[in-house]
Amino acid sequence: MNSRLWGRTTVALQPYIPGEQVFDREYSKLNTNECPYPPSPLVAAALAAQTASDLRRYPDPDSSELTAALAAAHGLRPEQVLACGGSDEALAFAFMAFFDRGDRVYFPDITYGFYRVYSDLFGLAAVELPLREDFTVGIEDYFGLDGHLFLANPNAPTGTALTPGQIEEIVRRNPDRLVVVDEAYIDFAPGMSCLELIHRYDNLLVVQTFSKSRALAGMRLGAAFGDASLIGGLNRIKYSFNPYNLDQVSQAVGIAALADGAYLAHTVERIIATRERVSARLTQLGCEVIPSSTNFLFVRHPSLSGSQLYQNLKRDGVLVRHFPKARIDNFLRVTVGTDGEMDQFITLMEGYQ
Ligand SMILES: *Cc1c(COP(=O)(O)O)cnc(C)c1O
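Residues numbered from 1 in each chain as written. Predicted model: local features only at pLDDT ≥ 70, side-chain atom pairs only at ≥ 80, totals over all residues. Heavy atoms only, no water.

Regarding the overall build of the protein
Piece 1. Tallying secondary structure elements over the protein gives 11 helices and 13 strands in all.
Piece 2. Here the C-alpha radius of gyration of the protein, 20 Å, is about what a compact globule of 353 residues would show, namely 20 Å.
Piece 3. On the principal axes, the C-alpha backbone points of the protein span a range of 55 × 50 × 50 Å.
Piece 4. When the 353 residues of the protein are sorted by exposure, 52% land in the buried category.
Piece 5. Looking at the protein alone, contacts between residues at least 24 apart form 73% of all its contacts between residues at least 6 apart.
Piece 6. With the model as given, the accessible surface of the protein reaches about 16000 Å², and the carbon-plus-sulfur share is 52%.
Piece 7. Of note, the protein has its 31 positive side-chain charges centred 4 Å away from the centre of its 41 negative side-chain charges. (Helix = DSSP H or I, 4+ residues; strand = E, 2+ residues; numbered from the N terminus. Rg over C-alpha atoms; globule rule 2.2 N^0.38 Å. Buried < 20%, exposed > 50% of the residue type's maximum accessible area, 1.4 Å probe, protein only. Contact = heavy atoms within 4.5 Å. Areas by Shrake-Rupley, 256 points an atom, 1.4 Å probe, with all protein chains shown as cover. Lys, Arg positive; Asp, Glu negative; His and termini not counted. Charge placed at Lys NZ, Arg CZ, Asp CG, Glu CD.)

Below you can see the structure in the form of structure tokens.
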């Protein structure tokens, strides 16, 4: 319901629509790209070590220990790292730090919905560049732009990835523009991270999250990596908006998760194996499956429309994501769950015509 007290920007906003969280029955939840496996046991231990009494203190506003752990994990200096409350917060800080109202911002026509939402929230002029027919990013479209740009790599909801070499080409061709690369799914695309490039380019900001591969969507942990000058800009915003952006429980959990690299590798390996198996089977069934570098599959059924398939699956207890949008209306985004969940999904798909 609108109020006459709302500002014009609030009235005009079209807020982000999160994936359905339905509680009326048990669903196989393949709609928000969460991890089907629990976080590292070290996370449970870190949570158990928390005491209520400690909560009377403000948390460390710099998240110093977590920042040091993130830096060490990636061979960076702490000045090149900002720990955030989910990568969404890192993205919001970037929108606030590097733009003025009315500036242009570029991103693909089919990508993470939050870029459009933030662009509207902060009064920017968004320019959507169409993906190619096969849903890949045409890098030439991003050369010599007159505004900063955002790329999810791998992209969502399509699942395709650019190589670090292709990202470098875009960064090189926009020396006076900021290139933000959102690597929410990068752990599912081994060898594809462009993080290394921040040592050579001061106009590249890389954003990552603990929500997907580290199974911590409920904790709200993410990070931005870039030249110290970029991180300095983000910190100016953070300290003008929410200095205590990470509570102490989140900081402790983040440190614990980072300490268990072997567990991350094992989780990712299982999910990739399941992804490849399901992808091959769906292709056999006549589905179009876009090659995925993520923990989800973007799938078109040979005969059913996207909304029909979505409804069939929901009726049969499987939640997936459907985007009623031009070009992708007949595709569904299906999170890679456990092998059991995916077997149930495949059995259902075999039964639909
Ligand atoms: C899931 C996702 C995010 C948000 O992650 P949080 O860290 O949970 O805020 C950001 N970008 C993309 C492309 C995502 O898919």
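Topic: empty space enclosed by the protein
Take a probe with the size of a water molecule and roll it over the atoms, and the empty space left behind shows itself.
Piece 1. Here the structure, examined in full by the defined rule, presents 1 cavity of 30 Å³ or more.
Piece 2. In this structure, the largest cavity spans a volume of roughly 70 Å³.
Piece 3. Along the walls of the largest cavity sit Pro38, Pro39, Ser40, Ser213, Arg214, Ala215, Ala257, Asp260, Tyr263, Leu264 and Thr267, which together make up its complete lining.
Piece 4. At 3 residues, helix α9 (residues 261-284) tops the list of elements feeding residues into the lining of the largest cavity.
Piece 5. Class assignment for the residues of the lining of the largest cavity results in 6 nonpolar, 3 polar and 2 charged. (1 Å grid on protein atoms, 1.4 Å probe; cavity = no way out; pocket = protein on both sides within 12 Å on 5 of 7 lines; lining within 4 Å. Points joined across faces, edges and corners; volume = space filled by probe spheres on them. Nonpolar A, V, L, I, M, F, W, Y, C, P; charged D, E, K, R; others polar.)

A short note on the packing of aromatic side chains
Piece 1. Under the definition given, this model contains 19 aromatic pairs.
Piece 2. Where Phe95 meets Tyr118, the ring centres are 5.6 Å apart and the plane angle is 45°; that geometry is what we call tilted. With Phe95 in helix α4 (residues 86-98) and Tyr118 in helix α5 (residues 114-121), this pair connects stretches of sequence that are 23 residues apart. Each member of the pair, Phe95 as well as Tyr118, carries the same accessibility label: buried.
Piece 3. Here the aromatic cluster, defined as three or more aromatic residues joined through ring pairs, consists of Tyr16, Phe95, Phe99, Phe107, Tyr112, Phe114, Tyr115, Tyr118, Phe122 and Phe150.
Piece 4. The ring of Tyr37 carries Arg270 above its face, with NZ or CZ at 3.8 Å from the centroid.
Piece 5. A cation over an aromatic ring shows up here: Arg333 above the ring of Phe296, its NZ or CZ 5.8 Å from the ring centre. (Phe/Tyr/Trp six-rings, centres within 6.5 Å; stacked < 30°, edge-to-face > 60°. Lys NZ or Arg CZ within 6 Å of the ring centre and 35° of its normal.)

Considerations on unusual backbone geometry
Negative phi characterises most residues that are not glycine, and trans characterises most peptide bonds.
Piece 1. Cis geometry is found at the peptide bond from Asn153 to Pro154, where omega equals -5°.
Piece 2. In this structure, Pro157 follows Ala156 across a cis peptide bond, with omega equal to 5°.
Piece 3. Within the secondary structure, Pro157 sits in the loop between β5 (148-152) and α6 (164-172).
Piece 4. Phi is positive for Arg327, close to 80°, though the residue is something other than glycine.
Piece 5. Structurally, Arg327 can be placed in the loop between β12 (321-322) and β13 (331-335).
Piece 6. Taking the relative accessible area as the measure of exposure, Arg327 reaches 35% and is therefore partly exposed.

Overview of the layout of surface pockets
Piece 1. There is about 1300 Å³ of room inside the largest pocket.
Piece 2. Tyr16, Ile17, Tyr112, Gly113 and Arg321 are, among the 48 residues lining the largest pocket, the residues nearest its centre.
Piece 3. For the lining of the largest pocket, the elements supplying multiple residues, two or more each, are α4, β3 (104-108), α5 and β12.
Piece 4. Sort the elements by how many residues they give to the lining of the largest pocket and α5 lands first, with 4 residues.
Piece 5. Class assignment of the residues belonging to the lining of the largest pocket gives a composition of 22 nonpolar, 13 polar and 13 charged.
Piece 6. By volume, the second largest pocket amounts to about 230 Å³.
Piece 7. Considering the residues around the second largest pocket, the lining is formed by 14 residues, among which His74, Gln208, Arg214, Leu258 and Leu264 are closest to the centre.
Piece 8. Counting residues per element, the ones that place at least two in the lining of the second largest pocket are α3 (64-73), β7 (204-209), β8 (222-226) and α9.

Description of the sheet that holds strand β9 (residues 288-290)
Piece 1. Here 4 strands make up an open sheet; going across it, the order is β9-β10-β13-β12 and the pairing antiparallel. Where the open sheet ends on each side, the last strands, each with one partner, are β9 and β12.
Piece 2. Of the pairings in the sheet, the one linking β12 to β13 comprises 2 bridges and is antiparallel in character. Bridged to Arg321 within β13 is Arg333.
Piece 3. On top of the sheet, helix α10 (residues 306-315) reaches β12 and β13; it is set at about 35° to β13, its chief contact. (Pairing = 2+ DSSP bridges. Axes fitted to C-alpha atoms, helices over the stretch in contact; angles between N-to-C directions.)

Things to note about the packing of α4 against α5
Piece 1. At a minimum axis distance of 10 Å, the contact between α4 and α5 shows a crossing angle of 40°. Classified by the angle their axes make, α4 and α5 are oblique. Seen from above, α4 lies across α5 with right-handed handedness. Together, Asp88, Leu91, Ala92 and Phe95 of α4 and Phe114, Tyr115, Tyr118 and Ser119 of α5 make up the contact between the two elements.
Piece 2. Tallied by class, residues from the contact of α4 with α5 come to 6 nonpolar, 1 polar and 1 charged. (Parallel < 35°, antiparallel > 145°, perpendicular 65-115°, else oblique. Left-handed = near helix turned anticlockwise from the far one by under 90°.)

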